[in-house]
Amino acid sequence: DAGVTQSPTHLIKTRGQQVTLRCSPKSGHDTVSWYQQALGQGPQFIFQYYEEEERQRGNFPDRFSGHQFPNYSSELNVNALLLGDSALYLCASSFMTGAGNTIYFGEGSWLTVV
Amino acid sequence: GIQVEQSPPDLILQEGANSTLRCNFSDSVNNLQWFHQNPWGQLINLFYIPSGTKQNGRLSATTVATERYSLLYISSSQTTDSGVYFCAIGGATNKLIFGTGTLLAVQP
């Protein structure tokens, strides 16, 4: 049973560029959420996708966008990168129905903006 | 919104010692999970425990929902237990709000 997989694991981008991060949820899960974790802090919720639509959004600007595909995999896009976007980006996988169930995280994508 | 506070912020133990980590939250929740984040950033789910008590090997957790706190117990700690422990709270939609974490260092 494959867990949550994310790619790439590490990447370096230049300020102003755009980046796309990818996530495949745990087998059977239909909901993908993205989190940003800055150094020394807890993860912060960016948004959640279910049935190919954004269902919830945290306090992040429109530069952060996403997509969910019919196979439930998801992408996170960040445009016009800022130095402050440097962080660990985590993908979380779960079921939408049955509120309050176990949520699984991928290993994350380490983004450095220079 | 829901506030999540964890204590202590840092903890240093000798191998074999026991410890208790605490998570206080400000509102009723449908979802409470404890995670261990290893030095490589991987968040490992330890317990899904919105109420009651669970045990898994040397780890156990108790949540008293009516008093809005949860405790994570680590017994006979090992160096591999080092890392950051997060408590995360969720409502009905599986959006998690994380605490600030407890940084645990277990020394041999």
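Look up: the structure comes first, before these words.
The structure presented is a predicted model; accordingly, all values stated were derived computationally and were not measured.

With respect to the layout of surface pockets
And step 1. Its volume calculated, the largest pocket comes out at about 390 Å³.
And step 2. What lines the largest pocket is a set of 25 residues, among which Gln37, Ala38, Leu39 and Gly40 of chain A together with Gln37 of chain B lie closest to the centre.
And step 3. Among the secondary structure elements, those contributing two or more residues to the lining of the largest pocket are β9 (87-94) and β11 (109-113) of chain A together with β9 (83-90) and β11 (102-107) of chain B.
And step 4. Looking at the lining of the largest pocket, its residues break down into 12 nonpolar, 12 polar and one charged.

Brief notes about unusual backbone geometry
And step 1. Of note, the bond from serine 7 of chain A into proline 8 of chain A is cis; its omega dihedral lies within 30 degrees of zero at -10°.
And step 2. Within the secondary structure, proline 8 of chain A sits in the loop between β1 (5-7) and β2 (10-13).
And step 3. Here the bond from serine 7 of chain B into proline 8 of chain B is cis, since omega is -10°, no more than 30 degrees from zero.
And step 4. Along the polypeptide, proline 8 of chain B turns up in the loop between β1 (4-7) and β2 (10-14).

Side note on the sheet that holds strand β8 (residues 69-74) of chain B
One key point about sheets: their strands pair by backbone hydrogen bonds, in either a parallel or an antiparallel sense.
Residue and element names in this part refer to chain B.
And step 1. A sheet is described by the order of its strands in space; here five strands give the open sequence β1-β3-β8-β7-β6, paired in antiparallel fashion. Of all strands in the sheet, those bounded by a partner on one side alone are β1 and β6 (52-56). The average angle at which neighbouring strand axes cross in this sheet is 15°, direction not considered.
And step 2. Bridge analysis of β1 against strand β3 (residues 19-25) gives four bridges, and the strand direction is antiparallel. Residue serine 7 lies in a different strand from β3, and its bridge partner there is arginine 22.

A short note on the environment of phenylalanine 69 of chain A
And step 1. Looking at where phenylalanine 69 of chain A falls in the secondary structure, it is placed in the loop between β7 (64-68) and β8 (74-78).
And step 2. Once you skip the residues sitting within four places of it in the chain, phenylalanine 69 of chain A turns out to touch Glu52, Ser74 and Glu75 of chain A.

Examining the interface of chain B and chain A
And step 1. Counting from both sides, the interface comprises 19 residues of chain B and, opposite them, 22 residues of chain A.
And step 2. Here chain B meets chain A over a buried area of about 1700 Å², counting both sides, of which 51% is carbon and sulfur.
And step 3. If you sort the residues of chain B by the area they bury against chain A, Gln42, Asn94 and Lys95 of chain B come out on top, with a joint share of 30%.
And step 4. Linking chain B to chain A there are zero salt bridges.
And step 5. Inspection of the chain B/chain A interface yields five residue pairs in polar contact (both at pLDDT 80 or more).

As for the environment of glutamine 55 of chain B
Residues and elements named next belong to chain B.
And step 1. Structurally, glutamine 55 can be placed in strand β6.
And step 2. On the accessibility criterion, glutamine 55 (64% relative accessible area) is exposed.
And step 3. On a C-alpha basis, the gap between glutamine 55 and alanine 88 in space is 18 Å, while along the polypeptide they are 33 residues apart.
And step 4. Ignoring any residue separated from it by four or fewer positions in sequence, one finds glutamine 55 in contact with Phe47 and Ser60.
And step 5. At 3.2 Å, the side chain of glutamine 55 and the backbone oxygen of glycine 57 are in polar contact.

Side note on the pattern of salt bridges
Oppositely charged side chains are able to pair whenever their charged atoms sit close together.
Residues and elements named next belong to chain A.
And step 1. All chains considered together, the criterion is met by five salt bridges over all chains.
And step 2. Residue arginine 22 pairs with glutamate 75 through a salt bridge whose shortest N-O separation is 3.5 Å. Of the two residues, arginine 22 sits in strand β3 (residues 19-24) while glutamate 75 sits in strand β8, which places them 53 residues apart along the sequence.
And step 3. Its relative accessible area of 41% is what places arginine 22 among the partly exposed residues.
And step 4. Linking arginine 57 and glutamate 54 is a salt bridge whose minimum nitrogen-to-oxygen distance equals 3.1 Å.
And step 5. The exposure class assigned to glutamate 54 is partly exposed, which follows from its relative accessible area of 35%.

Quick word on the environment of leucine 43 of chain B
And step 1. With respect to the element layout, leucine 43 of chain B can be found in strand β5 (residues 43-48).
And step 2. Residue classification places leucine 43 of chain B among the buried positions, given a relative accessible area of 2%.
And step 3. Taking C-alpha positions, leucine 43 of chain B is 9.1 Å from tyrosine 85 of chain B, a pair spaced 42 residues apart along the chain.
And step 4. Leaving out residues up to four positions away in the same chain, leucine 43 of chain B has contacts with Pro43, Leu90 and Phe105 of chain A together with Phe35, His36, Gln37, Phe86 and Phe98 of chain B.

Conventions adopted
Residues numbered from 1 in each chain as written. Chains lettered and ligands numbered in written order. Predicted model: local features only at pLDDT ≥ 70, side-chain atom pairs only at ≥ 80, totals over all residues. Heavy atoms only, no water. 1 Å grid on protein atoms, 1.4 Å probe; cavity = no way out; pocket = protein on both sides within 12 Å on 5 of 7 lines; lining within 4 Å. Points joined across faces, edges and corners; volume = space filled by probe spheres on them. Helix = DSSP H or I, 4+ residues; strand = E, 2+ residues; numbered from the N terminus. Nonpolar A, V, L, I, M, F, W, Y, C, P; charged D, E, K, R; others polar. Pairing = 2+ DSSP bridges. Axes fitted to C-alpha atoms, helices over the stretch in contact; angles between N-to-C directions. Contact = heavy atoms within 4.5 Å. Buried area = accessible area lost by both parts, 1.4 Å probe. Salt bridge = Lys/Arg side-chain N within 4 Å of Asp/Glu carboxyl O. Polar contact = N/O pair within 3.5 Å; in protein donor to acceptor, adjacent residues only side chain to side chain. Buried < 20%, exposed > 50% of the residue type's maximum accessible area, 1.4 Å probe, protein only.

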